[in-house]
Amino acid sequence: MSASSAPVNHVFVLKQAAVRFGLGARALHALSDVSLQIARGERVAFIGANGCGKSTLLRLMHGLLPPSGGHMHRDQSLRHAMVFQRPYLMRTSVQNNVALGLWLRGQAWAESKRLAVDALHSVGLADHALRAARKLSGGQQQRVALARAWAMQPRVLLLDEPTSSLDPHAKREVEALIQQIAARDPDMTLVFASHNLGQVKRLATRVVYLEQGRVLADLPVHEFFVSDGLAQRYPQAHLFVKGELV
Amino acid sequence: MTSFTDSAAMALNLIFSLDSNLMAIVARSLWVSAWASVIACALGLVLGAALGVSRFAGRNALLALLNTFLAVPSVVVGLVVYLLLSRTGPLGFLGWLFSFKAMVLAQAFLVLPVVTALTRQVVEDAEGLHGEQLQSLGARSLLRSVLLAWDERYALLTVMLAAFGRAVSEVGAVMIVGGNIDGFTRVMTTAIALETSKGDLPLALGLGLVLLLVVLLLNMLVAAVRHWREHEEGASGAMPQLGVSV
């Protein structure tokens, strides 16, 4: 990972970044030649079929994976947080799970627990603070994960298909919460992977379409979904969108 | 058959009359194995958890060695501890040979690989499932191993019970390093072997029944922990299907 000269306004700068799993002929090229710049305050959606590299790209950007090639810079001066498709909640109370994130960032435990209650208020789960986290429904667990991210007051929030494993009602709740978090800080950078194109339209200002580990299209959301030029310029992306919207 | 039924009746009589000789042997056995399990668990849980999350050159060779130690016969462990503690051995200055401490040490050596290997497996499985999310919250590998071990505490409680079962039911190691001295280092398994060879079947059978009862109680505890955990936690994590055998 390079900490090289990136424009001040850019939270992420990727130059021909690659991620490869394994070695030799049997290596899996999860990402190839990905060049991307994401500025502060942007709302970027990664879309594409299963296995196209969306989650790998998010993990690379969050520092969970090293690039196998190319360069990846992220602004370390900003607080980053990531929410996963299936959040990991420990076998303890909801409050402790939220406090854990703060404690791991250096906050005292007592203060972490106090801030956790505030965050749980924000996601409407204050009444569940003392319940066992793993006894909550899927939607509630995802809200706890969002509360954990919220409590950290991130300036960069990465979401890996945060609603894909939820029922429609929970999907709406969690999406509303993401909108609420994003609205709280217009300068916050939001990057998320999603299969839900309606959600992409509602949350994103920019769409990056990936196929087989490569970025095939990178457009403002209105151009991606409205422009007639998509079919001519990015036929694969157009086919994907058509397929998803059928 | 008559001798068996007579012996069984006399054995039951010894148990229900709380025969002092039998009770002393049982108490000594339980103490030796409890101390050995505490020592082995104190080391094995830490080592196993650290091995579960750490990656280093030679790790696979170390794991192969660890798994090999799982199958080491208890008499071999007894022999090694005997050589260590014998007057000319490196620990001979302690003067522990043929003592309670020697038996504790031998059983701890015997059980340590069991605790370490099973803990490593439990924590490594949890790391595979959840390690990345803890990492994204800021937990480095050492802290991750502690958090994952804590989160898998019910699975590890089963490991501890299995370790105690292995310790209390072994005969070879304590026979060699303890010497089976009456009233001093005689434990259930060594007493059973001795009394059988002497033809004192009621005492041997009585001790055998108590040993079976101890192992039965341990297995019931293991099952109760598993059931309680599934009920309380709605658990989905790894839980080794362990039992205790004589």
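A brief report on the enclosed structure follows.

Calculation criteria
- Residues numbered from 1 in each chain as written.
- Chains lettered and ligands numbered in written order.
- Predicted model: local features only at pLDDT ≥ 70, side-chain atom pairs only at ≥ 80, totals over all residues.
- Helix = DSSP H or I, 4+ residues; strand = E, 2+ residues; numbered from the N terminus.
- Rg over C-alpha atoms; globule rule 2.2 N^0.38 Å.
- Contact = placed C-beta atoms within 7 Å.
- Buried ≥ 20, exposed ≤ 12 C-beta atoms within 10 Å, placed from the backbone.
- Pairing = 2+ DSSP bridges.
- Axes fitted to C-alpha atoms, helices over the stretch in contact; angles between N-to-C directions.

1. Points about the overall build of chain A
Within chain A, the secondary structure is distributed over nine helices and nine strands. Against the globule reference of 18 Å for 246 residues, chain A gives a C-alpha radius of gyration of 18 Å, in line with a compact fold. Expressed as lengths along the three principal axes of its C-alpha atoms, the size of chain A is roughly 55 × 40 × 35 Å. Within chain A, residue pairs in contact and separated by at least 24 positions form 69% of the contacts whose partners lie at least 6 positions apart.

2. Regarding the environment of R114 of chain A
All names here are of chain A. Within the secondary structure, R114 is located in helix α3 (residues 109-122). Assessed through the 14 C-beta atoms surrounding it within 10 Å, R114 is described here as partly exposed. Taking C-alpha positions, R114 is 30 Å from L58, a pair spaced 56 residues apart along the chain.

3. Some points on helix α2 (residues 94-104) of chain A
Along α2 of chain A, 11 of the 11 residues are buried, which leaves the element largely enclosed by surrounding structure. Where the residues of α2 of chain A are buried, they touch α3 and α4 (138-151) of chain A together with α5 (100-137) of chain B.

4. Side note on the pairing of strand β5 (residues 80-83) of chain A
Put simply, side chains in a regular strand alternate between the two faces of the sheet. Residue and element names in this part refer to chain A. What you see with β5 is no split at all: H80 and M82 on one side and A81 and V83 on the other are buried throughout. The pairing of β5 with strand β6 (residues 156-160) spans four bridges and is classified as parallel. Paired with A81 across the two strands is L157, which belongs to β6.

5. What to know about the interface of chain B and chain A
Reports of interface size often rely on the accessible area that becomes lost once the parts have come together. Residue-level contacts link 11 residues of chain B with 14 residues of chain A. By residue number, the principal contributor to the side of chain B that touches chain A is α5 of chain B, which donates six residues.

6. What about the sheet that holds β6 of chain A?
All names here are of chain A. Judged by pairing direction, the sheet is mixed, and its six strands sit side by side in the order β5-β6-β7-β3-β8-β9 without closing on themselves. This sheet does not close on itself; its edge strands, each paired only once, are β5 and β9 (214-220). Pairs of neighbouring strands in the sheet enclose a mean axial angle of 15°, with direction left out of account. Summarising the sheet, strand β3 (residues 43-47) and strand β8 (residues 206-211) pair through four bridges and their orientation is parallel. Its bridge partner being in β8, A45 is matched across the sheet by V207.

7. Describing helix α9 (residues 188-198) of chain B
Among the residues making up α9 of chain B, those that are buried are M188, T189, T190, A191, I192 and E195 of chain B. Looking one or two residues past α9 of chain B, G199 of chain B carries a phi angle of roughly 90°, positive in sign.

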